[in-house]
Amino acid sequence: MSAHHDVLGMAREQLSVAAKYLDLDAGLHQVLSKPMRQLIVNFPVVLDNGEVMCFEGYRVQHNSSRGPTKGGIRYHPDVDVNETTALAMWMTWKCAVVNIPYGGAKGSVKVDTKQFSRREIEKLTRRYVTEINMILGERSDIPAPDIGTNAQTMAWIMDTFSMQKGYTVPGVVTGKPVDLGGSLGRVEATGRGVIVATEEAAKTMNMNLGGAKVIVQGFGNVGATAAKIAEEHGATVVGISDAVGGIYNPKGLPIAELTNRYAGREGGIQEYKEAEKVTNKELLELDCDVLIPAAIAAQIDESNANKIKAKLLVEGANGPCTFEADKILHDRGIHVVPDILANAGGVVVSYFEWVQDLQNFFWEEDRVNDQLTKIMQRAYGQVDATMRQHKTDMRTAALIIGVKRVADATVRRGIFP
Ligand code: NAD
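Computed from a predicted model, the values in this text were never measured in an experiment.

Asker: Please give an account of the overall build of the protein that cites residues and values.
Answerer: Along the backbone of the protein there are 14 helices and twelve strands. For 417 residues, the compact-globule formula gives about 22 Å, and the C-alpha radius of gyration of the protein, at 20 Å, lands near that figure. With the C-alpha coordinates aligned to their principal axes, the bounding extent of the protein is approximately 55 × 55 × 45 Å. By the burial criterion, 59% of the 417 residues in the protein qualify as buried. When the accessible area of the protein is evaluated, it comes to approximately 17,200 Å², of which 49% is carbon and sulfur surface. Looking at charge distribution, the protein has the averaged site of its 46 positive side-chain charges lying 4 Å from that of its 50 negative ones.

Shown next as structure tokens:
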């Protein structure tokens, strides 16, 4: 990913394409192509054996013209400031595409969490938050989970920030455990939204999700939930994978069993015997109707875009298709539902969580899921209409909408001073 691919370059190229369609003013284009704030921190953690180890982390805020900045925190050995900036930029467009009042941000720490104990990860989290807390806040910048972080990490972030404020600030972070001010439905929100987008796309393609063959790359929060809900809608999930590799069975895989009895355990999904083992690369090229990459960036590029067999590709991950892959997939008539639309369900329910925290009034799960579905369907419809109007691909259409909303807000507010 980042070490091999220029993800920020990819994000900037995408912005340039949208800027051309919008005939965006050159100065405004320049403003939007840069992050408003990048914080790089190096901090020590005392490990369980008493040794001190130094870690590098980032928090990047891309644009706040539509509201406080919002974006996940990623713990992964390959992160760097440029990749984090690209992810922050995508968050800006994503929040604008689904029309929620946030700008974009992203944070990350260069760490392989598997090498450290839970206690060490807790200490790393608390120190990282302390190093970046001057730019966090429920009215300024609100983190959430991403790769390598989860509800427990968010609880530690909330607690650390609150200890330093002197009172509990649940709204400073979303994706918290439900009993600490989290929202019902948040854990499943991204995967659920991915499937709403898949269904909307299927409708326009005369495809039926019920009976369709689905392959999901990445069996974490997003991938496992998307696989589960796809199965609930009658789809056959024929292939899944995690960082180690994939498993494939054309007759279908039992998602609930794989989630409950294999994922996250010693040996993981590879231990499941009624399937063929495949590599992550092979998985993407297997026969299916719907392909959902839900792992990391730049998985489909010019080397394999020609080999994808799916008719519909729904981006659960951020940036799974490179700029070159996009062109090939578009020319081959494969419909790609872009990340900033397809995986926006997570930030939508994060927004609901934040609203609930600010009001100290909590919703029932049905209300969360209904409102999520409505927002996803509305956004899908708007992007679909823009795609048809401009006769372009869906990513460009989503960027046209997202970039226009942010540009309009910037112009309306005016440039200070
Ligand atoms: P996660 O850590 O829960 O799961 C990631 C999965 O990907 C794991 O199964 C892991 O084994 C697998 N993986 C890691 N490296 C891989 C590799 N090189 N090849 C194949 N698989 C690999 O993370 P998540 O929260 O599910 O996030 C997955 C993607 O979705 C990321 O791109 C993230 O930015 C994006 N996303 C997440 C959310 C959210 O709410 N969690 C929202 C929007 C977008």
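Moving on, there is more to tell.
Asker: Can you break down helix 2 (residues 26–33) residue by residue, with the values?
Answerer: Of the positions making up helix 2, those classed as buried are Leu28, Leu32 and Ser33. All buried residues of helix 2 lie within an arc of 135° about the axis, which places them on one face of the element. For helix 2, the side-chain oxygen to backbone nitrogen distance between the N-cap and glycine 27 is 3.0 Å, and the N-cap itself is aspartate 25.

Asker: Can you tell me about the domain arrangement of the protein, naming the residues and giving the values?
Answerer: Interface size is commonly expressed as the accessible area that is lost once the parts come together. When its domains are assigned, the protein resolves into domain 1 (35–170) and domain 2 (188–342). Taken together, both faces of the contact between domain 1 and domain 2 bury some 700 Å²; the carbon and sulfur share is 65%. Its largest share of buried area at the contact with domain 2, domain 1 owes to Trp90, Lys94 and Val97, together 54% of the area lost on that side. Considering every element that reaches the side of domain 1 that touches domain 2, the biggest residue donor is helix 3 (residues 81–97), with five residues. Per-class residue counts for the side of domain 1 that touches domain 2 are five nonpolar, no polar and three charged.

Asker: Explain the packing of helix 6 (residues 186–204) against helix 13 (residues 365–390) to me, using residue names and the numbers behind them.
Answerer: For any two helices packed against each other, one specifies the inter-axial angle together with the distance between the axes. Between helix 6 and helix 13, whose axes approach to 9 Å, the crossing angle comes to 45°. The orientation of helix 6 with respect to helix 13, classified from their angle, is oblique. The two elements helix 6 and helix 13 meet at a crossing, and its hand is right-handed. Of helix 13, the residues touching helix 6 (which contributes Ala189, Arg192, Gly193, Val196, Ala197, Glu200, Ala201 and Thr204) are Asn369, Leu372, Thr373, Met376, Gln377, Tyr380, Asp384 and Arg388.

Asker: Kindly report on the sheet that holds strand 11 (residues 312–314), identifying the contributing residues and their values.
Answerer: Ordered in space as 9-8-7-6-10-11-12, the seven strands form an open sheet in which the pairing is mixed. A strand with exactly one partner marks an edge of an open sheet, and here the two such strands are strand 9 (276–278) and strand 12 (335–337). Pairwise comparison of adjacent strand axes, ignoring direction, gives a mean angle of 20° for this sheet. Where strand 6 (residues 213–217) and strand 7 (residues 236–241) come together, five bridges link them in parallel fashion. Considered in strand 7, the bridge of glutamine 217 is made with serine 241.

Asker: Describe in detail helix 7 (residues 221–232), supporting the description with residues and values.
Answerer: Between the first and last C-alpha of helix 7 there are 17 Å, a value that for twelve residues agrees with the 16 Å anticipated at 1.5 Å per step. Every buried residue belonging to helix 7 is among Val222, Gly223, Ala224, Thr225, Ala226, Ala227, Ile229 and Ala230, and all of these are buried. Structurally, helix 7 contributes buried residues whose contacts are with helix 6, strand 6, strand 7, helix 8 (255–262) and strand 10 (290–293).

Asker: Can you explain the packing of aromatic side chains? Please cite residues and give values.
Answerer: Scanning all chains against the criterion turns up nine aromatic pairs. Here the aromatic rings of tyrosine 351 and phenylalanine 352 are separated by 6.0 Å at their centres, their planes lie at 40°, and the arrangement is tilted. Ring centres 5.0 Å apart and planes at 40° place the aromatic pair phenylalanine 352 and tryptophan 363 in the tilted group. Placement of the pair is phenylalanine 352 in helix 12 (residues 345–359) and tryptophan 363 in the loop between helix 12 and helix 13, with a sequence separation of eleven residues. Of the two residues examined, phenylalanine 352 and tryptophan 363, each falls in the buried class. Here the aromatic cluster, defined as three or more aromatic residues joined through ring pairs, consists of Tyr102, Tyr351, Phe352, Trp354 and Trp363. Above the ring of tryptophan 363, the side-chain terminus of arginine 367 is found at 4.0 Å from the ring centroid.

The rules behind each value
- Within each chain, residue numbers correspond to sequence positions counted from 1 in written order.
- A pLDDT threshold of at least 70 governs which residues receive local features in this predicted model, and a stricter bar of 80 or more applies before side-chain atom pairs are shown or counted, although totals over entire chains, interfaces and linings include all residues.
- With hydrogens and water stripped out, all remaining heavy atoms of the structure feed into the side-chain values.
- We count a stretch as a helix when DSSP gives it H or I for four or more residues in a row; a strand needs E for two or more, and each element gets its number in order from the N terminus.
- All radius of gyration figures rest on C-alpha atoms, and the globule criterion is 2.2 Å times the number of residues raised to 0.38.
- The classification of residues rests on relative accessible area computed with a 1.4 Å probe and restricted to protein chains. Under 20% of the type maximum is buried, over 50% is exposed, and intermediate values are partly exposed.
- Accessible areas in this description were obtained via Shrake-Rupley with a 1.4 Å probe; residue shielding takes into account the shown protein chains only.
- Asp and Glu count as negative and Lys and Arg as positive, but His and the ends of the chain are not part of the count.
- Charged side chains are reduced to one point each, which is NZ for Lys, CZ for Arg, CG for Asp and CD for Glu.
- Summarising the geometry, the arc corresponds to the directions from the helix axis toward the C-beta atoms.
- Polar contact criterion, stated in full: a pair of N or O atoms within 3.5 Å, where within protein one must be able to donate a hydrogen and the other to accept it, and residues adjacent in sequence count only if both atoms are side-chain atoms.
- What marks off one domain from the next here is an automatic or database domain assignment.
- Put simply, buried area is how much 1.4 Å-probe accessible surface two parts lose in total, over both of them, once they are put together.
- Any residue that is not Ala, Val, Leu, Ile, Met, Phe, Trp, Tyr, Cys, Pro, Asp, Glu, Lys or Arg is counted as polar, Gly included; the first ten are nonpolar and the last four charged.
- Interaxial angles span 0 to 180 degrees and are taken between N-to-C directions of axes, which are lines fitted to C-alpha atoms, for helices over the stretch in contact.
- The labels follow the angle: roughly parallel below 35 degrees, roughly antiparallel above 145, roughly perpendicular from 65 to 115, and oblique for the rest.
- Should the near helix be turned anticlockwise from the far one by less than a right angle, the crossing is left-handed, and should it be turned clockwise, the crossing is right-handed.
- Residue contacts are counted whenever heavy atoms from the two residues lie within 4.5 Å of one another.
- Strand pairing is assigned whenever DSSP detects at least two bridges linking the two strands.
- Multiplying one less than the number of residues by 1.5 Å gives the expected span of a helix.
- Aromatic pairs are defined between Phe, Tyr and Trp rings, using the six-membered ring for Trp, whenever the two ring centres lie within 6.5 Å; interplanar angles under 30 degrees are classed as stacked, those over 60 as edge-to-face, and all others as tilted.
- In this scheme, Lys NZ or Arg CZ marks a charge over a ring once it lies within 6 Å of the ring centre and within 35 degrees of the ring normal.

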